[in-house]
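# Residue-level structure breakdown
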Amino acid sequence: MKAFDEKIDRMNTHSVKWDHAAEIFGKEDLLPMWVADMDFKAPQPVIDAMKKRIDHGIFGYSMATQETKQIVMDWLRRRHNWDIQSDWIVFTPGVVPALSAAIHTYTEVNDGVLIQSPVYYPFGDMVKKNNRKLFNNSLRYNGSTYEMDFEDLERQFQKNSIKLMLLCNPHNPVGRVWTKEELEKLEKLCIQYDVLVFSDDIHFDLIYKKYKHTIFSALSPEIQDKTITGIAPSKTFNLAGLQFSTIIIPNKKLRTRFNEYLATVGFFSPGSLGIIAAEAAYQHGEEWLERLMEYLENNLDYLKNFVKVKLPEIKIIEPEGTYLVWLDFTHLKMDHKKLESFMQNEARLAFDEGYIFGKEGEGFERINIACPLETLKEGLTRLEQAIKKQNVM
């Protein structure tokens, strides 16, 4: 646990989160608690494996192997009780590039693609950049958590000729880990209306103790045949900069088409360090992950207690998974632009503004708690002081 308490200077490392915060937010003195990477060192076995590879000194073309696939398969079997076949696996430089590839591969210009806002903003961006029609099945917010609106979902499947649905599970930013029962309802509708699903499960290793993640593709042979699943060690082990993801496509025809598209853009394998890091993480990172989840649980508890005692104006949407927490600021009665200004100019915090996740996110903020506790304390103290000053004024 002490290892996660270490405050590491991330400046001058080409960090988007730290080096580019001033450029992105237009302020120099903000505390970055936004983009989804962690302020923790990767597991030592991963670092050691990369050092060994670097010491070799030659960095020519590389390719993931059958052993790489087996390591991923072993992780899925061990951690998620999901048995897959090696030929289902396609490696890509990230889940978002794979998402875009799926949109391009499985839909035509002006076809309908559906998302569930508020949701990870590249979902909508990729739909629009690929010139598809974007449809939104807004999640229902009941004041404490979010649920799927299945009635609206079926209406949209019926009338909008939805070809592809982008599922986020665990959901970013609202933190839901969809239950098996919820996913079975979704499964039934997707089969009935012949809708393909891209399931972004990138946070699926980061589940809190009371909850259980369900692999959508594993529910039945029928939905397996209609699902593309994206996973990666990037969120689990803080390896996003190494650009390695696994895309699982059981349907051979869908997989062939996907690979054909990757070939048209000249992609054939992740980089050597990404492969080495992924193999080491999945083989030797499990103990580190268990300690990480304990630390995140403690940070979440601290956040909940702090907000309850000192920031009752704010409501926490308690996450069931991920290290991202969705905060409801609507009781401050600010529109989203005023809230954005308040967070940056008064609280001096770089959170992710809720409105970037869709109109449903206006009045909300997303905070990243994958940081040393002292950083979290500093961020919350800044917020408390700014709100007190606002109330006085």
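Residues numbered from 1 in each chain as written. Predicted model: local features only at pLDDT ≥ 70, side-chain atom pairs only at ≥ 80, totals over all residues. Heavy atoms only, no water.

If you check an unreviewed UniProt entry, the protein chain appears there as cysteine-S-conjugate beta-lyase from Fictibacillus terranigra. Reading the Sequence similarities (unreviewed entry) entry of the UniProt record for the protein chain gives the comment "Belongs to the class-II pyridoxal-phosphate-dependent aminotransferase family. MalY/PatB cystathionine beta-lyase subfamily." One UniProt comment on the protein chain, placed under Cofactor (unreviewed entry), says "pyridoxal 5'-phosphate". (UniProt positions renumbered as here; feature names shortened; annotations may be inferred.)

### Brief notes about the overall build of the protein chain
Looking only at helices and strands, the protein chain features 15 helices and 15 strands. Against the 2.2 N^0.38 benchmark of 21 Å for 393 residues, the protein chain shows a C-alpha radius of gyration of 21 Å, consistent with a compact globule. Looking at the protein chain as a whole, 56% of its 393 residues qualify as buried. Taking contacts inside the protein chain between residues at least 6 apart in sequence as the whole, the part at least 24 apart equals 74%. Total accessible area computed for the protein chain in this model is approximately 17600 Å², and 49% of it derives from carbon and sulfur atoms. (Helix = DSSP H or I, 4+ residues; strand = E, 2+ residues; numbered from the N terminus. Rg over C-alpha atoms; globule rule 2.2 N^0.38 Å. Buried < 20%, exposed > 50% of the residue type's maximum accessible area, 1.4 Å probe, protein only. Contact = heavy atoms within 4.5 Å. Areas by Shrake-Rupley, 256 points an atom, 1.4 Å probe, with all protein chains shown as cover.)

### Thoughts on the sheet that holds strand β9 (residues 227-231)
Pairing is mixed in the open sheet, where seven strands are placed in the order β2-β10-β9-β8-β7-β3-β4. Of all strands in the sheet, those with a lone pairing partner are β2 (89-92) and β4 (133-136), marking the two edges. Strand after strand, the sheet turns through a mean of 20° between neighbouring axes, direction not considered. One ladder, built from four bridges, connects β2 with strand β10 (residues 245-248); its direction is antiparallel. (Pairing = 2+ DSSP bridges. Axes fitted to C-alpha atoms, helices over the stretch in contact; angles between N-to-C directions.)

### Regarding the environment of Phe268
As for its placement among the helices and strands, Phe268 is situated in the loop between α11 (252-264) and α12 (272-284). Along the primary structure Phe268 and Pro93 are separated by 175 residues, whereas in three dimensions their C-alpha atoms are 9.8 Å apart. Other than its neighbours up to four places away in sequence, Phe268 contacts Tyr61, Ser62 and Met63.

### Describing the UniProt feature "domain: Aminotransferase class I/classII large" (unreviewed entry) in the protein chain
The UniProt entry lists residues 37-383 under the feature "domain: Aminotransferase class I/classII large" (unreviewed entry), expressed in the numbering used here. Structurally, residues 37-383 comprises 44% helix and 16% strand, and the distance from its first C-alpha atom to its last is 21 Å.

### Quick look at helix α8 (residues 180-192)
Under the 1.5 Å per step criterion, the end-to-end length of α8 is 18 Å for 13 residues, consistent within 8% with the ideal 18 Å. For α8, the complete set of buried residues consists of Glu182, Leu183, Leu186, Glu187, Leu189 and Cys190. One or two residues past the end of α8 sits Asp194, with phi positive at roughly 55°. (Expected span 1.5 Å × (residues − 1).)

### Observations regarding the environment of Glu6
Note that Glu6 resides in the loop between α1 (2-5) and α2 (21-25). A relative accessible area of 40% means that Glu6 is categorised as partly exposed. Each C-alpha atom of the pair Glu6 and Ala22 lies 23 Å from the other, and the pair is 16 residues apart in sequence. Setting aside residues up to four positions removed in sequence, Glu6 forms contacts with Asp39, Lys41 and Pro372.

### Looking at the nonpolar core
Within soluble globular proteins, side chains that are nonpolar generally end up buried alongside one another. With 70 residues, the main nonpolar core has Leu292, Tyr323, Ile369 and Leu383 as its most contacted residues. Sort the elements by how many residues they give to this core and helix α13 (residues 286-310) lands first, with ten residues. Non-local contacts of Leu292, meaning those with residues more than four positions away in its chain, are made with Phe4, Met38, Phe40, Leu206 and Thr236. Core analysis: the next-biggest nonpolar cluster, separate from the first, contains 27 residues, Leu99, Val113, Leu164 and Leu254 among them. (Core = buried A, V, L, I, M, F, W, Y, C linked by side-chain atoms within 4.5 Å.)

### Focus on the sheet that holds strand β15 (residues 364-368)
Spatially, the four strands line up as an open sheet ordered β11-β12-β15-β14, and their pairing is antiparallel. Only two strands of the sheet have a single partner each, and these edge strands are β11 (315-317) and β14 (352-353). Of the pairings in the sheet, the one linking β11 to strand β12 (residues 324-328) comprises three bridges and is antiparallel in character. In the sheet register, Ile316 faces β12, and the bridge partner there is Leu327.

### Observations concerning the pattern of salt bridges
One pass over the structure, following the stated rule, counts 24 salt bridges. The partner of Lys389 in a salt bridge is Glu346, with the nearest N and O atoms 4.0 Å apart. Taken as a pair, Lys389 in helix α15 (residues 373-392) and Glu346 in helix α14 (residues 336-346) lie far apart in primary sequence, 43 residues in all. Measuring nitrogen to oxygen at the nearest pair gives 2.6 Å for the salt bridge that ties Arg366 to Asp352. Of this pair, Arg366 sits in strand β15 while Asp352 sits in strand β14, placing them 14 residues apart in sequence. Asp352 carries the same exposure label as Arg366, and that label is buried. (Salt bridge = Lys/Arg side-chain N within 4 Å of Asp/Glu carboxyl O.)

### Thoughts on helix α7 (residues 150-159)
Side chains that are three or four residues apart share a direction in an α-helix, a result of its 3.6 residues per turn. Considered for burial, the residues of α7 that qualify are Phe150, Asp152, Leu153, Gln156 and Phe157. One side of α7 holds all its buried residues, which, seen down the axis, span an arc of 160°. Seen from the buried face of α7, the exposed residues on the opposite side, beyond 90 degrees, are Glu151, Gln158 and Lys159. As for α7, its buried residues are in contact with β3 (112-115), β4, β7 (162-168) and α8. In this structure Asp149 caps α7, since a side-chain oxygen of it lies 3.4 Å from the backbone nitrogen of Glu151. Among the residues trailing α7, Ser161 stands out with phi positive, at a value near 50°. (Arc of directions from axis to C-beta. Polar contact = N/O pair within 3.5 Å; in protein donor to acceptor, adjacent residues only side chain to side chain.)

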